[in-house]
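Understanding the architecture of this molecule
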Amino acid sequence: MRGRGLKIRMPSIGNDLVKQDFSPPNMDDIQRWMAAAFDLATEALENGEVPVGCLMVYRNEVLGKGGNEVNDTKNATRHAEMVAFDHVVEWCCSRDLNLNQVCAQTTLYVTVEPCIMCSSALRLLNIPLIVYGCRNERFGGCGSVLSIASDDELLTGSSFKCISGYQAEEAVEMLKRFYKQENPNAPKCKVRKV
Ligand SMILES: [Zn+2]
């Protein structure tokens, strides 16, 4: 499995990241955390959810993790990232730590490019770096539809860097499997004739 489907574009880690006392992950870190994110995506798929999984890692500690929970909660905003964000907020509150300072040293690992909504939240939280699998052609906020991640004109939060393409084929395969099956929660408004 190791190294399979690896087509990764590593960004140059700019001075801004170094200034924040942020140590970027190495290849072993990326493999370890992305494997865990893919496990969460598999779990989501088995639960009838869009197969996206993610982890938020701060100084080698997982502060938050999640899979997509939209169908289970009947709440369209419960993307994997949002589930993980809530854990990070709780973690910071229980230790009386500043959320933005912790986030400034946190990396998000996610199987699919964050959507526009989640990319905006990542900016507001001050996350410096994300690692993701495949592109999100429908809703991607890191270049596919909009470039929320890198847009210097945006006045909200701070831009973040992306390492993209990790096990992208596998992530796409999972999405295809999900969209091929009937979504039991989709509104039944069309009569299909075979
Ligand atoms: Zn999202």
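Notes on the structure in this doc start here. (Residues numbered from 1 in each chain as written. Predicted model: local features only at pLDDT ≥ 70, side-chain atom pairs only at ≥ 80, totals over all residues. Heavy atoms only, no water.)

Observations regarding the overall build of the chain
The condition that has to hold: Comment: elements are numbered from the N terminus, with helices defined as DSSP H or I runs of at least four residues and strands as E runs of at least two. Exposed residues in this analysis have more than 50% of their type's maximum accessible area, buried residues have under 20%, and partly exposed residues fall in between, with area computed by a 1.4 Å probe over protein chains only. Contacts: residue pairs with any heavy atoms within 4.5 Å of one another. We get accessible surface area from the Shrake-Rupley algorithm with a probe of 1.4 Å; when it comes to residues, only the shown protein chains can shield them.
Within the chain, the regular secondary structure consists of 7 helices and 6 strands. Helices (α) and strands (β) of the chain occur, in sequence order from the N terminus, as β-α-α-β-β-α-α-α-β-α-β-β-α. The burial tally for the chain puts 45% of its 194 residues in the buried class. If you take every contact in the chain between residues at least 6 apart in sequence, the share linking residues at least 24 apart comes to 64%. Surface accessibility of the chain: about 10900 Å² in total, with carbon and sulfur atoms responsible for 51%.

Some remarks on the coordination of the zinc ion
Octahedral six-donor coordination of a metal ideally yields angles of 90 or 180 degrees, compared with 109.5 degrees for tetrahedral four-donor coordination. The criterion, for reference: In this analysis a donor is any N, O or S atom within 2.8 Å of a metal ion (3.2 Å for sodium, potassium and calcium), and since water is not included, sites may seem incomplete.
Coordination of the zinc ion by the protein involves H79 (ND1), C115 (SG) and C118 (SG), with metal-donor separations of 2.0 to 2.3 Å. Going along the chain, you hit the donors of the zinc ion in the pattern H-x35-C-x2-C. On the criterion of sequence distance, the pair formed by H79 in the loop between α3 (70–73) and α4 (80–95) and C115 in the loop between β4 (106–112) and α6 (116–125) is long-range, its members being 36 residues apart.

As for the layout of surface pockets
Note the cut-off: Residues are called lining when one of their atoms sits within 4 Å of a cavity or pocket point, these points coming from a 1 Å grid over the protein atoms alone, where a cavity is a set in which a 1.4 Å probe fits but cannot get out and a pocket is an open set with protein on both sides within 12 Å along at least five of seven lines. Grid points are joined across faces, edges and corners, and a volume is the space filled by probe spheres set on the points. Three classes are used, and their members are as follows: Ala, Val, Leu, Ile, Met, Phe, Trp, Tyr, Cys and Pro are nonpolar, Asp, Glu, Lys and Arg are charged, and the others, Gly among them, are polar.
There is about 700 Å³ of room inside the largest pocket. Every residue lining the largest pocket is counted, 32 residues in all, and those nearest its centre are V50, V112, N136, L175 and Y179. Within the lining of the largest pocket, the residues separate by chemical class into 15 nonpolar, 8 polar and 9 charged.

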